[in-house]
Amino acid sequence: MSAVSMDVIVSLCKRRGFVFQSSEIYGGTGSCWDYGPLGVELRNNIKRIWWRDFVHQRDDMVGLDASILMHPTVWKASGHVDNFTDPMVDCRECKRRFRADQAGTMDWTHYCPATKGNKFTIKGGEPCKHCGARRTLCPECGKGELTAPRQFNLMFKTFMGPVEEDAALTYLRPETAQGIFVNFDNVLQATRRKLPFGIAQIGKAFRNEITPGNFIFRSREFEQMEIEFFVNPHDRLEGRPADEAWHDRWIADCQSWFTRYGLDPANVKLHEHLGDELAHYSKRTVDLLYRFPMGWNELMGIANRTDFDLKQHAKFSGKSLTWFDEERKEHVVPFVIEPSAGVDRALLAFLLDAYREEEVRGDKRVVLRFHSELAPIKIAVLPLLKKRPEIVAAGHDLRHRLTRRWLTLYDDTAAIGRLYRRQDEVGTPYCVTVDVKTVGDPEKGEAGDGKVTIRERDTMQQIRVPIAELEHVFGRLLDAGTPWSEVAAGYPRAEG
RNA sequence: GCGGGAAUAGCUCAGCGGUAGAGCGCCAGCCUUCCAAGCUGGGGGUCGCGGGUUCGAAUCCCGUUUCCCGCUCCA
C-alpha cells in the first residue's frame, strides 16, 4: 500500500489547488475533475516530459493531434460499437452482478430436486448429472433469478449537426488510438517514414464507466498519452519476430520512464494479461501496475494490437493501409505496439509517491518530493523581512528574472518558516531568500553583498550564492539535472 | 444497479429539539535576521437539497442528490 491514504491526497489537492471536483458548487460529480492552478502545471509538466522523451528525443517517433469527434464508421471498424459494451445481469436474491456472457459458462451452484435438494457445484455450462437440469438461477447462490441483461454502451453518443433529428450520430472518442490509425497513411506520406516508427498523441478520451471513482483514477473524461508503434512483422529482431521484441522494449522503456521521474520501483510492477483478459485485437498485453491506496491498479497498458486496426480500417474505408517493403518488394500491414498511459493516473501516482510526512524539530512537515521536472513551481523567492522596501524590491526583481526560464513565485505574506512549509507542501524544489545582507543596511553604512540563500526542499540545506550566479546555478540544478550535493559543494553553507 | 456509511467554515471535525462552534488554514496589523513562534484584529457556513412534524429543526421523519467503502466491472 502507498503510505498515504487517498483522503489525505484529495484534501491536499483541493486545499492547495491541484484538483477540484467538477461542478462542485452544484453538488459535484465524482466522474469528472478539474485541475487547479498547481494541478494544471503538474499535468502540463507530465505531458511535456512524456512528449519530449518519447517523441522529440527519439528519431523513430512523430506526433499527432487528432480531433475528438470522428466519422462514426471509425467506431464500427474499431469494434467499439459492437464490443465496447458489457451486458450485465443481477441476481435478485444475493444481489451479485455478472457479465451476461460469462454467467452461462461459470461454475454454478445447484440444489438438485432428484437428490432431495442436495447442493452441488457444477462445472461450467454442464447440466446436472442427477436431474439433467441446466442452470436457470444465479450461478453463485443458486437461489435467485437473474434480471434480464442490461446493455451498457461505454461510448458517449453525440450529434454532429445543429438539428438533432437530422444530425449524424457519432461518439466522443473512447480512446485516442483510432485517430492515429486513421491517419496512418497521411503521416506515412507526409513524413516519408520507414518501419519501424511510431505516432504519439496526447488527448482527451471519454468513457461512460459503470463505476467511476477512486478520485481521478477512473473518471468519465480523462486524458491519454498514447503511442502506436508500427513494426514490420516479417522482420526479425534479437532473434524474434520484430513485433515481439519491440513490445518488450516498450515495456521496459515505459517502466523506467515512470521510475526515472520519481515512482518507487517497489510500487510498480508488470501484469501479463492471460487468456480471457486479452482484448479481442490483442496478441499480448502487459499492464504497468502501481500500488495505489486501493491496491495494485493499472497505470498504463502496453498492447500488441497486431494488424487488427489497420486491417479493419482498410476494410471499412476501402483504402489501402499498408507500407511498401522495398527489400522484399511487398505490401505489409504493420503490426502495432501500443503503449497507452493515462495522464490522470500518472499524475495521481506521482502525487502519491511524492507525498511524505516528516518530523522537523518536533513539528510535522508535509512535503511533496516531486522530481524537479514535475514540480509545478520550480523556485520560490521569499523575503526574510517584508518591511524593508529594498528586500521586497530585490525579491520582486529576482522573481521576474528567474521566471523567464523557470516558473517562479514570490511570497511575503508570512514568516520564513511558514513560507518554507507552504512550498514544501506543493513540492517546490528550491527557495531563494533575500535578507538584509543581500541589500545592505544604509543606516549602519553597510553595503549589500549581492548574495542570496538557496534552500533545497528535501535536505533543507542552504547555500549562499551571488545573485549574478543564480541563473547558472539553477541551470545546473533544474536543466542539467546536476545533483544538489554536487552544486552545493561549490558554495558556502548558510546558517539554518 | 445492490448493500453499508456519510454530507455542518477553505481543511479536519464537534454539536444531535432552544441565538451555529473548535483546531488548523486564510487576510490585516504589531513583532520577527532562516524552517508551521507570539500578540491583536478580521473575513468566512441560509448545517447538501426539497418536503413534513414542532411554538421552535443542523438535530426527529420522508424523499432526493452527491460522495466514500464493498459487490460488480474496467481496451
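Keep in mind that what you see is a predicted model, and the values were worked out from it rather than measured. (Residues numbered from 1 in each chain as written. Chains lettered and ligands numbered in written order. Predicted model: local features only at pLDDT ≥ 70, side-chain atom pairs only at ≥ 80, totals over all residues. Heavy atoms only, no water.)

### Some details on the domain arrangement of chain A
So, step 1. You can read the domains of chain A as domain 1 (6–83 + 156–351), domain 2 (85–153) and domain 3 (377–488).
So, step 2. Measuring from the centre of the C-alpha atoms in domain 1 to the corresponding centre in domain 3 gives 40 Å.
So, step 3. At the junction of the two partners, domain 1 supplies seven residues and domain 3 supplies six residues.
So, step 4. Both sides of the domain 1 and domain 3 interface together cover about 540 Å² of buried area, and 53% of this is carbon and sulfur. (Domains from an automatic or database assignment. Contact = heavy atoms within 4.5 Å. Buried area = accessible area lost by both parts, 1.4 Å probe.)

### Some words on helix H8 (residues 242–260)
So, step 1. Given a rise of 1.5 Å per residue, 19 residues ought to cover 27 Å, and the 26 Å separating the end C-alpha atoms of H8 matches this to within 8%.
So, step 2. Taken together, the buried positions of H8 are occupied by Ala 242, Asp 243, Ala 245, Trp 246, His 247, Trp 250, Ile 251, Cys 254, Trp 257 and Phe 258.
So, step 3. Just downstream of H8, Gly 262 is the residue with a positive phi angle, here 125 degrees. (Helix = DSSP H or I, 4+ residues; strand = E, 2+ residues; numbered from the N terminus. Expected span 1.5 Å × (residues − 1). Buried < 20%, exposed > 50% of the residue type's maximum accessible area, 1.4 Å probe, protein only.)

### Focus: the packing of helix H2 (residues 37–56) against H8
So, step 1. Two elements in contact, H2 and H8, have axes whose closest approach is 12 Å; the angle formed by their N-to-C orientations is 140 degrees. Considering the angle they form, H2 stands oblique to H8. Seen from above, H2 lies across H8 with right-handed handedness. Seen from H2, the contacting residues are Ile 46, Ile 49, Trp 50, Asp 53 and Phe 54; seen from H8, they are Trp 250, Asp 253, Trp 257 and Arg 260.
So, step 2. A class-by-class count of the residues in the contact of H2 with H8 yields six nonpolar, no polar and three charged. (Axes fitted to C-alpha atoms, helices over the stretch in contact; angles between N-to-C directions. Parallel < 35°, antiparallel > 145°, perpendicular 65-115°, else oblique. Left-handed = near helix turned anticlockwise from the far one by under 90°. Nonpolar A, V, L, I, M, F, W, Y, C, P; charged D, E, K, R; others polar.)

### So, the packing of aromatic side chains
So, step 1. As enumerated under the stated definition, the model contains 22 aromatic pairs in all.
So, step 2. Through successive ring pairs, a cluster of aromatic residues spans Trp 50, Trp 51, Phe 54, Phe 229, Trp 246, Trp 250, Trp 257, Phe 258, Tyr 261 and Phe 350.
So, step 3. The positively charged end of Arg 249 is found above the aromatic ring belonging to Trp 246, 4.6 Å away from the centroid.
So, step 4. Stacked on the ring of Tyr 420, the Lys or Arg Arg 455 has its end atom at 4.5 Å from the ring centre. (Phe/Tyr/Trp six-rings, centres within 6.5 Å; stacked < 30°, edge-to-face > 60°. Lys NZ or Arg CZ within 6 Å of the ring centre and 35° of its normal.)

### Quick look at the confidence of the model for chain A
So, step 1. Per-residue confidence for chain A gives a mean pLDDT of 87; residues scoring 70 or more make up 91%.
So, step 2. Overall fold confidence for the complex sits at a pTM of 0.88, while the interface term, ipTM, reaches 0.84. (pLDDT = per-residue confidence, 0-100.)

### Considering the pairing of strand E24 (residues 430–434)
So, step 1. Counting buried residues in E24 gives five out of five residues, a clear majority hidden from the surface.
So, step 2. In E24, alternate side chains face the same way, and those of Tyr 430, Val 432 and Val 434 on one face and Cys 431 and Thr 433 on the other are all buried.
So, step 3. In terms of strand pairing, strand E22 (residues 379–383) meets E24 through five bridges, oriented parallel. The partner of Val 381 across the bridge, within E24, is Val 432. (Pairing = 2+ DSSP bridges.)

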